[in-house]
Amino acid sequence: MSKIENKTASIAIAGTVGVGKSTLANKLGEMLDFKVMHENVQSNPYLDKYYSNFNKWAFHLQIFFLAERFKDQKKMFSYGGGFIMDRSIYEDIEIFAKMNYEKGTMSEDDWDTYKSLFEAMVLSPYFEKPDLIIYLEGDIDHVVNRINERGRDMEVQTDVEYWRELDTRYKTWIDEINDMRVLRLNINEYDVHDDDSMTVIVEKIKKLVNA
């Protein structure tokens, strides 16, 4: 296989909840010999609270994720690259935080504060846009089945319409990206446990990153 010439490249895996970002990130990290930055879910003090009360905890949750992403960016800056990111900071503001604001579960003052913090962070020397965004897409009913099979109570108990709206917003967001390279992968067309399937994906990634 060809190699990624840019050893400092950063790759973000994007997609709605339950689409398989973490699993793919781990596999690609192994195959490309890149470090993997996972979204902080296990030690997040607001995630369960958010799903039980969007209005009360939306701002807290988004600020927590924003702070965690900034920490990750500093680590990447210090290390010098070669990273796979499980979700990008752009999804936070363009999809999750914006959805909460537009649905009224985040106040206008909180939204303005969030945007100000985001803008200050991305203008810092620690931030560079990913060299590639890998967007995972699939039938939303299939994705919801995955969420239910994963069995996290906070997700299983969430109204399916929440996941449908999230999926719609993701599709709109990815279609409008014109300043970053994007590789779209349908989750039904590859298997992370199949070497041949993953080799095809890795070759596509290398061509785009090396371009």
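Residues numbered from 1 in each chain as written. Predicted model: local features only at pLDDT ≥ 70, side-chain atom pairs only at ≥ 80, totals over all residues. Heavy atoms only, no water.

(A) Expanded view of the packing of helix α3 (residues 54–79) against helix α4 (residues 89–102). Here α3 crosses α4 at 175°, and the two axes come no closer than 11 Å. As the angle between them shows, α3 and α4 are arranged roughly antiparallel. Across from Ala58, Gln62, Phe65, Leu66 and Arg69 in α3, the residues of α4 making contact are Ile89, Asp92, Phe96, Ala97 and Asn100. Looking at the contact of α3 with α4 residue by residue, the class counts come to six nonpolar, two polar and two charged. (Axes fitted to C-alpha atoms, helices over the stretch in contact; angles between N-to-C directions. Helix = DSSP H or I, 4+ residues; strand = E, 2+ residues; numbered from the N terminus. Parallel < 35°, antiparallel > 145°, perpendicular 65-115°, else oblique. Contact = heavy atoms within 4.5 Å. Nonpolar A, V, L, I, M, F, W, Y, C, P; charged D, E, K, R; others polar.)

(B) Up close: unusual backbone geometry. A positive phi angle is found at aspartate 33, which is not glycine, with a value near 60°. Mapping aspartate 33 onto the fold places it in the loop between α1 (21–32) and β2 (35–37). Positive phi is not limited to glycine here, since arginine 87 has a value of about 85°. Inspection of the secondary structure assignment puts arginine 87 in the loop between β3 (83–86) and α4. For arginine 87, a relative accessible area of 6% gives the class buried. (Buried < 20%, exposed > 50% of the residue type's maximum accessible area, 1.4 Å probe, protein only.)

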